[in-house]
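What the coordinates show
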Amino acid sequence: GTDLLAMAIRGALRESCHGHYTVKHTVPGTQGSVLMLTHDVDAPDSHNAGKWGEAGAIQMAKMEKKYGVKGSNFVTTDYVANYYNPKMVRDLCTQGMCPEAGHSVQHLHTFSTQPKGDCSVTKATYTPKTPTLCGEIRVVMEMLRKEIPPNSPLRSWRTPYLEIHPDQFEVLYSQGVVYDTSLAL
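Just so it is clear, the model here is predicted, and its values are computed rather than measured.

**Points about the overall build of the protein chain**
Assigned secondary structure in the protein chain consists of 6 helices and 5 strands. Seen in sequence order, the protein chain has helices and strands lined up from the N terminus as α-β-α-α-β-α-β-α-β-α-β. Evaluated residue by residue, the protein chain yields a buried proportion of 40% over its 185 residues. Long-range contacts, defined here as pairs at least 24 residues apart, represent 67% of the contacts in the protein chain between residues at least 6 apart. When the accessible surface of the protein chain is totalled, it reaches about 10500 Å², and 57% of it is carbon and sulfur.

**Digging into the environment of Leu172**
Along the chain, Leu172 turns up in helix 6 (residues 168–174). A relative accessible area of 2% places Leu172 in the buried class. Sequence separation between Leu172 and Arg138 is 34 residues, and the spatial gap between their C-alpha atoms is 8.5 Å.

**Describing unusual backbone geometry**
With the exception of glycine, most residues fall at negative phi, and the peptide bonds are largely trans. Although it is not a glycine, Ser104 sits at a positive phi angle of roughly 95°. Its location among the elements puts Ser104 in the loop between strand 3 (101–102) and helix 5 (133–145). The backbone phi angle of Tyr161 is positive, close to 55°, even though this residue is not glycine. Structurally, the position occupied by Tyr161 is in the loop between strand 4 (156–157) and helix 6. On the basis of relative accessibility, which here comes to 22%, the residue Tyr161 falls in the partly exposed class.

Quick notes on the rules
Residues numbered from 1 in each chain as written. Predicted model: local features only at pLDDT ≥ 70, side-chain atom pairs only at ≥ 80, totals over all residues. Heavy atoms only, no water. Helix = DSSP H or I, 4+ residues; strand = E, 2+ residues; numbered from the N terminus. Buried < 20%, exposed > 50% of the residue type's maximum accessible area, 1.4 Å probe, protein only. Contact = heavy atoms within 4.5 Å. Areas by Shrake-Rupley, 256 points an atom, 1.4 Å probe, with all protein chains shown as cover.

Nothing here speaks to function; it is geometry throughout.
Set out below in structure tokens:
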């Protein structure tokens, strides 16, 4: 019952806020509060320029830089839908906002129910038509690592739609991920 209630609240919150909302987490230190700016870079307009100007992720990075703050970018590399823009990732690094987080390859609603798959998969061997947990995690990290400087570790993760897979923490750990922001409510 509690799980269903949490899913209903999460869905209503996401729907009523058009995908933009604030969540509260515990702070594992002595601070009374911490504000983290996080961005899910998972839409064509966040990756690419258009009638609105530069890619949305770059516009946000420039605004944050102007005000002296830094956000964490959780990037989806949806090369299947063909909107992933490696140049946008490099431009984020130029702005001092290098992505340090993955957000899956395809941003699927079925993330929590995908088979685990082969955790030695690479972009060259991954078949997105039959998505797997390992593929969605490992391939996004592989693609991002190609675009960011070697001293910029990918250390965090956010699951699409905050759908938790039973094996995701094991796979994230194997990829060097230090924290996961998927448990938002």
